[in-house]
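Next come the chains, spelled out residue by residue.
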Amino acid sequence: MERRDQNRQLHPQEQLGRRLVLRITFWALLVLVVASTITFFSTYPRSQEQIVTSLKQDIQMALVPTEMLFAQVADNADILAQSFLRQYRLQQDHAPGSSALFDNWFEQTSEGVKRLKQQYFDGVTENQRSIKGVSAFVGKSDEPLDDERKARIVAATLTLNELGPAWSKVVSNSHLSMPENALIMYSEDSPWGRIADENLIMTDYSVLRSSLQSQNPEREPNWTGLYYDSSADVWTITYQQPIDLNGRHLANASFDVELDKLLTDLQTGRHAGTNHMLLNDQGDLIAASNISENLKKQPLLSHDNYDEPLYQSVYALIKAQPDVNSVQVFEDTVPDHLVILQQVPRLDWWYVALYPHDLIREQASVQPLRLSITGLLMLGLLLLVVHWQVNREVSQPLRRLASVAGLMDAKNYQDVITSRDKQWRFKGEVKLALDAFRTMARRFVRAQQSLEKQVSERTAELAEANKRLQHLAHIDGLTGLMNRRSFDRDLQTILSEKSPYILALADIDAFKLFNDHYGHEAGDRVLQQVSQCLLSLDGVLAYRYGGEEFALLIPKALVNANASFLTEVVAKVAALQIPHEFNSRKADVVSISMGAVTVTPDRAPAEIINQADEKLYKAKEKGGNCVESNINKDSSRAFSSY
């Protein structure tokens, strides 16, 4: 009866608290909506103006690295031209020697076509001179390949070999082209001279043709417009500086700059969604952030052949403007875009940024929305405080006590402890009772934590023991190499990831005879010495496959870089000079035979292992101390003409 009376007394208080919270919430939301509306319409114009100002500043900052890049390329061209002339005069003074160098370096690959040998791209050292990364194409020409032309080509080759590496981080390619259909190029990636079309006539194309005396009588350096370089699969522009001597056009110092490099400088740190364009003084496109893939066959992108609407609108805008030295903003000239226009100093080029009006409106709305959201969060916090105060004032201390007692009964001791900030603010007997519950809960928690700590320590010890056992399970105890289980696991991983690897199986020659005559302890020492030799191979995974047989998983790049890699491994074992008088006729020391195959992901592990084993068997049949394999180097990818 007393409990029912208490419930009847509490019920009106609870209803009153709910009505009070609901009324406060309604009026606060109404005030927030009115304040947010007023804030939005008062701050939107100011936000839009701030965004436009920020875009102007970004444009001015973007031009600094771009202009520095163009200036650096022009300076490099001067250096390349002067260095070439010095080398050319030196080669002319030793014309017979230059002609001999040309004949030694170049080979005829088809009728009328000579190319620099592949070794000078891969890297070679001869006569204390190291040459690497250089390729050359001497195509068909009506001009005779006399000593003077040979001296010029040799001079270009030596000059690029000396200077090209220093510029490889600034430009994609450095080259010296000649009006007699010849080009010598330095590149870390592309041996263009080796793969150029044998029927290529470079002066038929606009890039090299623009440097000829007939096309450029002023002999001025020039930047080409944007074009697609199919040999490197990139959009690029080319800078060319004619090199003349006594009125004769000898060559062009030239560099390629990739579109990605330009866009990186122009777009870094800029507003997302901005379209960027760079146009030369003729209106030809130098760089853009939205080039279509179907334009790759166009020679040079200009207003005559690039029909993209934004570009055409920008071209018309530039033609209608006088010289501009500061940043100018056009809001309605290009449909749906804000246009920011700036002339690039020194080059009289145009840098254009097009920012969609929708994005400006969206960003201009951010500040008002942020203020509204902040007000909503503050209102929510205020309502929480009000709700807390109402509940605190109308709630019964005994209900709190009953709640804590229920937590104790359910063994939720942690909840009893952590809830004290809300519940332990009573006085008198209720506070004493709640403090007693808290003390009891802490004792239970400490006992539980102590037990959990012991369990955790035992679990950690068990995990460490399992880790050591797992390590021992994958290591061969005698040799220290990974065991067969590790080999099976790693081979399966390579196949699933389609990694380019080579599997080599190796076997110690006449090992049974060694054990029979020298004893098993000596045989174990041989296994350990050979294993240490295999472990010393950088980048190679070595395993004890079984008995005296070993397995190697070798990255294919090692063999591509060194065709004799596998033979050198066999030679390293023989170089240990471990005596074996009972070995085959090929060696009186311990040696190995090796069979190697390429790991191809379309075959099962057992099939790949069987292939390697067959190669190993063939090596054994040949008397051992040798390698049998089916490995071929990856062929270089083909490049189209310049």
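Calculation notes
- Residues numbered from 1 in each chain as written.
- Predicted model: local features only at pLDDT ≥ 70, side-chain atom pairs only at ≥ 80, totals over all residues.
- Heavy atoms only, no water.
- Helix = DSSP H or I, 4+ residues; strand = E, 2+ residues; numbered from the N terminus.
- Buried < 20%, exposed > 50% of the residue type's maximum accessible area, 1.4 Å probe, protein only.
- Areas by Shrake-Rupley, 256 points an atom, 1.4 Å probe, with all protein chains shown as cover.
- Phe/Tyr/Trp six-rings, centres within 6.5 Å; stacked < 30°, edge-to-face > 60°.
- Core = buried A, V, L, I, M, F, W, Y, C linked by side-chain atoms within 4.5 Å.
- Contact = heavy atoms within 4.5 Å.
- Pairing = 2+ DSSP bridges.
- Axes fitted to C-alpha atoms, helices over the stretch in contact; angles between N-to-C directions.
- pLDDT = per-residue confidence, 0-100.
- Parallel < 35°, antiparallel > 145°, perpendicular 65-115°, else oblique.
- Left-handed = near helix turned anticlockwise from the far one by under 90°.
- Nonpolar A, V, L, I, M, F, W, Y, C, P; charged D, E, K, R; others polar.

**Some points on the overall build of the chain**
No. 1: Broken down by element type, the chain carries 20 helices and 21 strands.
No. 2: The proportion of buried residues among the 642 residues of the chain is 45%.
No. 3: For the chain, the accessible surface area stands at approximately 34500 Å², while carbon and sulfur atoms represent 52% of it.

**Digging into the environment of His517**
No. 1: With respect to the secondary-structure elements, His517 resides in helix α16 (residues 511-518).
No. 2: For the pair formed by His517 and Glu581, sequence separation is 64 residues and the distance between their alpha carbons is 9.4 Å.

**Re the packing of aromatic side chains**
No. 1: Within the structure shown, the criterion is met by 13 aromatic pairs.
No. 2: An angle of 15° between the planes, with centres 4.3 Å apart, marks the rings of Phe102 and Phe106 as stacked.
No. 3: Residue class for Phe106 comes out buried when judged on its relative accessible area of 4%.
No. 4: Ring geometry for Phe511 and Phe514: centres 6.4 Å apart, planes at 5°, overall stacked. Highlighted residues: Phe511 and Phe514, both in helix α16, separated by 3 residues, approximately one helical turn. The pair formed by Phe511 and Phe514 is uniform in burial state, with each residue classed as buried.

**Observations regarding the nonpolar core**
Across soluble globular proteins, nonpolar side chains show a tendency to be buried alongside one another.
No. 1: Residues Phe84, Trp105 and Met277 are the most contacted members of the largest nonpolar core, which totals 72 residues.
No. 2: With 10 residues, helix α1 (residues 2-93) is the largest single contributor of residues to this core.
No. 3: If we ignore the near neighbours within four places in the chain, the residues touching Met277 are Leu285, Ala287, Ala288, Glu308, Leu310, Tyr311, Val314, Trp350, Tyr351, Val352 and Leu354.
No. 4: Among the nonpolar cores identified, the runner-up in size contains 31 residues, and Ile508, Phe511, Val569 and Ile592 belong to it.

**Section: the environment of Leu163**
No. 1: Along the chain, Leu163 turns up in helix α4 (residues 147-167).
No. 2: The class for Leu163 is buried, based on a relative accessible area of 15%.
No. 3: Note: C-alpha distance between Leu163 and Ser83 (80 residues apart in sequence) is 8.8 Å.
No. 4: With sequence-adjacent residues up to four places away left out, Leu163 is seen in contact with Ile79, Leu80 and Ser83.

**What about the environment of Gln108?**
No. 1: Along the chain, the position of Gln108 falls in strand β1 (residues 106-110).
No. 2: On the basis of relative accessible area, Gln108 is assigned to the exposed category, the value being 52%.
No. 3: As a C-alpha pair, Gln108 and Val138 span 30 residues in sequence and 9.4 Å in three-dimensional space.

**Quick notes on the sheet that holds strand β17 (residues 501-508)**
No. 1: The strand order across the open sheet built from 5 strands is β18-β19-β17-β20-β21, with neighbouring strands paired in mixed fashion. Of all the strands in the sheet, just β18 (541-546) and β21 (627-629) have a single pairing partner and so form its edges. Strand-to-strand twist in this sheet, taken as the mean axis angle between neighbours without regard to direction, amounts to 20°.
No. 2: Strand direction decides the pairing type here: β17 and strand β20 (residues 592-599), joined by 8 bridges, are antiparallel. Bridging across to β20, Leu505 finds its partner in Gly595.
No. 3: The sheet strands contacting helix α15 (residues 484-497) are β17, β18, β19 (549-555) and β20, and the helix crosses β18 at an angle near 130°.
No. 4: Sheet strands in contact with helix α17 (residues 520-535) are β17, β18, β19 and β20, and its direction is about 0° off that of β19.

**Regarding the confidence of the model for the chain**
No. 1: This prediction gives the chain a mean pLDDT of 80; 77% of its residues lie at or above 70.
No. 2: For the chain, helix α13 (residues 420-423) is the element with the lowest average pLDDT, namely 52, and β17 is the one with the highest, namely 96.
No. 3: Note that residues 1-10 has pLDDT below 50 and, in this model, 3 contacts with residues that lie over four places away or in other chains.
No. 4: Of the regions scoring below 50 in pLDDT, residues 633-642 engages in 28 contacts with residues more than four places distant in sequence or in other chains.

**Observations concerning the packing of helix α2 (residues 95-105) against α4**
Relative orientation and spacing of two packed helices are given, respectively, by the angle between their axes and the distance between those axes.
No. 1: Running from N to C, α2 and α4 cross one another at 70°; their axes reach a closest spacing of 8 Å. The angle between the axes of α2 and α4 places the two elements in the roughly perpendicular class. For the element pair α2 and α4, the recorded crossing hand is left-handed. Side by side, α2 and α4 meet where Ser98, Ser99, Leu101, Phe102, Asp103 and Trp105 of the first sit next to Asp147, Lys150, Ala151, Ile153, Val154, Thr157 and Leu158 of the second.
No. 2: Looking at side-chain class alone, the contact of α2 with α4 contains 7 nonpolar, 3 polar and 3 charged residues.

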